[in-house]
Amino acid sequence: MKMNGARIMLECLKKEGVDTIFGYPGGTVINIYDELFSFKEIRHILPRHEQAGTHAADGYARATGRVGVCLATSGPGATNTVTGIATAYMDSIPMVIITGQVPTPLIGNDAFQEVDIIGITRPCTKHSFLVKDVKDLAMIMKKAFYIARTGRPGPVLVDFPKDVQIAQTEFVYPETVEIRSYKPKLEGHPRQVEKAMAMILEAQRPVVYVGGGAVLGNAAEELTTLCRKLTIPVTTTLMGLGSFPENDPNSLGMLGMHGAYCANMAMTNADLIVAIGARFDDRVTGKLATFAPHAKIIHIDVDPTSIKKNVRVDLPIVGDVKDVLTRMIKQADKLKDKVTEFKTAIAPWQTDIAGWKDKHPIGYKNSTTVIKPQFVIQKLRELSDDDAIISTDVGQHQMWTAQFFQFNRPRTLLTSGGLGTMGYGLPSAMGAQAAFPGRQVITICGDGGVQMNIQELATLVQNKLPVKIVILNNNFLGMVRQWQELFFDKRYSSTCMELPIDFVKLADAYGAKGFSTSKPGDVEKIIKQAFKEKGPVIMEFKIAREEKVLPMVPAGAALNEMVLNA
Amino acid sequence: MQHTISVLVENEFGVLSRVASLFSGRGFNIDSLTVAPTNEEKMSRMTIVTRGDDQILEQITKQLNKLIDIIKVIDFTDGSGVERELALIKVTAEDESRAEVLRIVDIFRAKIIDVTPKSYTIEATGNPVKIDAILDLLRPLGLKELVRTGAVAIGRGAKGWKG
């Protein structure tokens, strides 16, 4: 059947199993909106800002594992998506971003609302397409989804000129896709896997270091099975939280700049590091010259560019993490006797680690007079559902959440790890809630970041998305303030949010519920009350203003040079 | 160390800017870059001369391979390829220097492709080291203008790039 390009776009989305998109209308997408008007198979959610729409698609993707989709008009609509695209790119989130573009004859003429969005987003997309002919549209969409979700996932942008949306052609969705220049390597080399198992079983002081790749590759189950079989200590990055249950005795929690003392000590003293879907980011390694000086490194990653980018690697395995771990489990089962010997051999190492855990556990000093942010996080864990989805903004509250929430399931933490995007928390929670209307979705924010996309309260209320918004309010841009306190002689340059906001009234103005307190005794009561509410709720906790995130490895210091109390 | 890399790419919209933006965004050097179509209709070939230690070269190769439109990356550094470059050189040639320029052109098996009473324009081909050498000899005589294509390279032996 002949259809116009706008309709074909929607049919393609349907074929890809897309049920929800986040989009904002405008002149160059008005034809798509006209088709959407009668296209009931796709739910369209209207955010109040394109950046938020992009973060919502990202949150949707992180929570479900499917490709998130958002739509924006040309020019300013497109440029507003850039922060969201860069956020997704840094954390390898599968997304398709559709932008309207001025009609093809006008491209390059500085037309109204024209911008070279492909040029602007080139460094922060996995790939991008300009649809020049409606006949290419279906294949481009097929390729866009394929590229976004395979290999190391990432955002793909499709720039869609208005005249191509109007042009008509026969709609045929391709059954298969074949790109000769794009063939991600998914199967781990069997010989490398054998070598890896041999190296692990010979190690005396091994650590498994897990990143977001294990979550994105849906490998949490295999990871947990293998590590439990071996009783091997496991530490995760911020992005890896949830891939291995933190309530497991062999979990060391998060490592790195604000990681657990035991995790950083284990990395520094290890004789073998097994990196799984992690990329040795500077926030994880600290000073590279002194990173893991005694360790051999096995690096498993689907993206060859991650291997040997920052650190030397003794045994690389390129492949899908799930596939490689499955092979490793089989190999471990073949070597039962050796595994038993290994467990005995690493017992002294486990004693060392237990010693570090006891010496400096992740902790804080509670108070009866002021609310400690860590206390709020612990209460949230205690009172929320096991499968609750938590999103965070960026800053101190993000690190407190990582340290104190205890993540036991994959895809329950949505956080901007690589780009560190303030304003991410609220809209990403919105995306997750749209995907899972029945699950508890909580966003934990600071008073700074929440105000960067606070307009999305309207979207939550209008679409009946009952996100619970926790604001840990210290009237500061807390993380920068902490750096100023520690490294800039307490010169709090522009980090004090001097105007106090009445978040209860603000919630009320949008038609949401708001609670606020500065008393530790009210925390539990407010959380319980908020969780009972059917709609979105703001919970504002006025916290100890100068509470710090500790421990901390100062930027550029070695991983074992942690500031424990300051 | 200098490396010559051949990059076979799909003839798609924006592929040159993807490659260029990869080099600038990651702080890799480009000494020269050439691009033109090949015998295969939908494929172009770039030759990039770059520099860096082994680790940087490994990253350059891997990052290039990661770009969706790139079909194959070949590093010719181990002497596995032959390289050629073409240069057009406009040189001052008056009175006594006219004969000297002609001698140099002859020695390098170059060609005069344009002539005026005051200048010669020379076409020289060879590997980039040879081009450097002729330029070193012509420079004292008065180099007015220079354009180089940058190196192109192809693998030695009977096999094509597909093997």
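Residues numbered from 1 in each chain as written. Chains lettered and ligands numbered in written order. Predicted model: local features only at pLDDT ≥ 70, side-chain atom pairs only at ≥ 80, totals over all residues. Heavy atoms only, no water.

Chemist: What should I look at first to understand the overall build of chain B in this one?
Modeler: Summing up its helical and strand segments, chain B has four helices and nine strands in all. For chain B, the sequential pattern of α-helices and β-strands runs β-α-β-β-α-β-β-α-β-β-α-β-β. Taking all 163 residues of chain B together, 41% fall into the buried category. Accessible surface, chain B as shown: approximately 8,900 Å² in total, 52% of it carbon and sulfur. Averaging the positions of the 22 positive and the 23 negative side-chain charges in chain B gives two centres separated by 3 Å. (Helix = DSSP H or I, 4+ residues; strand = E, 2+ residues; numbered from the N terminus. Buried < 20%, exposed > 50% of the residue type's maximum accessible area, 1.4 Å probe, protein only. Areas by Shrake-Rupley, 256 points an atom, 1.4 Å probe, with all protein chains shown as cover. Lys, Arg positive; Asp, Glu negative; His and termini not counted. Charge placed at Lys NZ, Arg CZ, Asp CG, Glu CD.)

Chemist: How should I be thinking about the overall build of chain A in this particular structure?
Modeler: For chain A, the helix and strand inventory stands at 24 helices and 20 strands. In terms of overall dimensions, chain A is globule-like: its C-alpha atoms have a radius of gyration of 24 Å, near the 24 Å expected for 566 residues. Along the three orthogonal principal directions, the C-alpha set of chain A runs to about 70 × 60 × 40 Å. Across the 566 residues that make up chain A, the buried fraction comes to 60%. (Rg over C-alpha atoms; globule rule 2.2 N^0.38 Å.)

Chemist: Where do I start with the pairing of strand β15 (residues 389-392) of chain A in this structure?
Modeler: Moving residue by residue along a regular strand, the side chains alternate between the two faces of the sheet. Residues and elements named next belong to chain A. With burial as the criterion, each face of β15 is covered, one bearing I389 and S391 and the other bearing I390 and T392. Two elements, β15 and strand β17 (residues 441-446), share four bridges in a ladder whose sense is parallel. Residue T392 lies in a different strand from β17, and its bridge partner there is I444. The pairing of β15 with strand β16 (residues 413-414) spans two bridges and is parallel. Its bridge partner lying in β16, I390 is registered against L413. On the question of chirality, the crossover connecting β15 to the parallel β16 by way of helix α18 (residues 396-404) is right-handed. (Pairing = 2+ DSSP bridges. Right-handed = clockwise from strand over helix to strand, strands pointing away.)

Chemist: Could you clarify how one ought to interpret unusual backbone geometry in this entry?
Modeler: Glycine aside, residues mostly have negative phi, and peptide bonds are mostly found in the trans state. All names here are of chain A. The omega angle of the peptide bond from L550 to P551 is -5°, so this bond is cis rather than trans. Looking at the secondary structure, you find P551 in the segment after β20 (537-542). Unlike most non-glycine residues, Q406 shows phi in positive territory, near 65°. Its location among the elements puts Q406 in the loop between α18 and β16.

Chemist: What is the right way to read the nonpolar core from this model?
Modeler: The nonpolar side chains of a soluble globular protein tend to be buried, and buried together. Residues and elements named next belong to chain A. In terms of nonpolar packing, the biggest core is built from 43 residues, with F22, V450, L460, I469 and I538 touching the most fellow members. For this core, the leading source of residues is helix α19 (residues 425-435), giving six residues. Among residues more than four places away in sequence, those in contact with I469 are L426, T443, V450, L457, L460, V537, I538 and M539. Core analysis: the second largest hydrophobic core is formed by 41 residues, L13, I21, L36 and F129 among them. (Core = buried A, V, L, I, M, F, W, Y, C linked by side-chain atoms within 4.5 Å. Contact = heavy atoms within 4.5 Å.)

Chemist: Before we go on, may I ask you to explain a nonpolar patch on the surface in this structure?
Modeler: A cluster of nonpolar residues, B:L88, B:I113 and B:V147, forms a patch on the protein surface that exposes about 230 Å² of accessible area. Structurally, B:V147 can be placed in strand β8 (residues 143-148). (Patch = residues over 30% accessible without salt bridge, like charges linked within 9 Å, V, L, I, M, F, W, Y side chains within 5 Å. Salt bridge = Lys/Arg side-chain N within 4 Å of Asp/Glu carboxyl O.)

Chemist: Whenever I open this one, the pattern of salt bridges confuses me. Can you help?
Modeler: Scanning the model with the defined rule gives 41 salt bridges over all chains in all. Notably, a salt bridge pairs B:E58 with A:K308, separated by 4.0 Å at the nearest N-O pair. One end of the pair, B:E58, is in helix α2 (residues 54-66); the other, A:K308, is in the loop between β13 (296-301) and β14 (315-318), on a second chain. A relative accessible area of 29% places B:E58 in the partly exposed class. Residue classification places A:K308 among the partly exposed residues on the basis of a relative accessible area of 31%. The shortest N-O distance in the salt bridge between A:D522 and A:K525 comes to 3.6 Å. On the basis of relative accessible area, A:D522 is assigned to the buried category, the value being 18%. Each of A:R180, B:E10, B:E40 and B:K162 takes part in a single network of salt bridges with overlapping partners.

Chemist: Would you take a moment to explain the sheet that holds strand β3 (residues 43-51) of chain B for this structure?
Modeler: All names here are of chain B. Sheet architecture is open: four strands sit in the order β2-β3-β1-β4, paired in antiparallel fashion. Taken across any chain shown, the strands that pair with only one partner, and hence form the sheet edges, are β2 (32-37) and β4 (70-75). On average, each strand axis in the sheet is tilted by 15° relative to the strand beside it, whichever way the strands run. Note that strand β1 (residues 2-10) and β4 share five bridges and pair antiparallel. The residue of β4 that forms the bridge with V7 is V73. Of the strands in this sheet, β1, β2, β3 and β4 are in contact with helix α1 (residues 15-25), which crosses β3 at around 15°. (Axes fitted to C-alpha atoms, helices over the stretch in contact; angles between N-to-C directions.)

Chemist: Is there a simple way to explain the side chain of A:T517 in this structure?
Modeler: Considering the arrangement of structural elements, one finds A:T517 in strand β19 (residues 513-517). Contacts of A:T517, omitting those with residues within four sequence positions, involve A:I371, A:D522, A:I526, A:E540, A:F541 and A:K542.

Chemist: What is the right way to look at the pairing of β20(A) in this model?
Modeler: Residue and element names in this part refer to chain A. Where burial is concerned, most of β20 is hidden: five out of the six residues are buried. Here strand β18 (residues 468-473) runs beside β20; their pairing, made up of six bridges, is parallel. Counted as the bridge partner of L472 is F541 from β20. Judged from the five bridges that link them, β19 and β20 form a sheet pairing that is parallel. Across the sheet, G514 pairs through a bridge with I538, a residue of β20. The β-α-β motif built from β19, the intervening helix α24 (residues 523-532) and the parallel element β20 has right-handed crossover chirality.

Chemist: Help me out: how do you make sense of the interface of chain B and chain A in this one?
Modeler: A common way to report how large an interface is uses the accessible area buried once the components associate. Taken together, the 19 residues of chain B in the interface contact 19 residues of chain A. Regarding the contact of chain B and chain A, the summed buried area is about 1,800 Å², with carbon and sulfur atoms giving 48% of it. The three residues of chain B that bury the most area against chain A are B:F13, B:R18 and B:I68, which together make up 39% of that side's buried surface. Run the count over chain B and chain A and you get four salt bridges. Elements that contribute at least two residues to the side of chain B that touches chain A include exactly α1, α2 and β4 of chain B. Here the side of chain B that touches chain A takes six residues from α2(B), the largest share from any one element. Across the side of chain B that touches chain A, the residue classes break down as six nonpolar, five polar and eight charged. (Buried area = accessible area lost by both parts, 1.4 Å probe. Nonpolar A, V, L, I, M, F, W, Y, C, P; charged D, E, K, R; others polar.)

Chemist: Explanation requested: α24(A) in the structure shown.
Modeler: Count 3.6 residues to each turn of an α-helix, and residues three or four apart come out pointing the same way. Residue and element names in this part refer to chain A. If you check which residues of α24 are buried, you get V523, I526, I527, A530 and F531. One face of α24 carries all of its buried residues, which in axial projection span an arc of 130°. Facing away from the buried side of α24, by more than 90 degrees, are the exposed residues K525 and K532. Turning to α24, the residues buried within the fold contact α17 (373-383), β17, β18, β19 and β20. (Arc of directions from axis to C-beta.)

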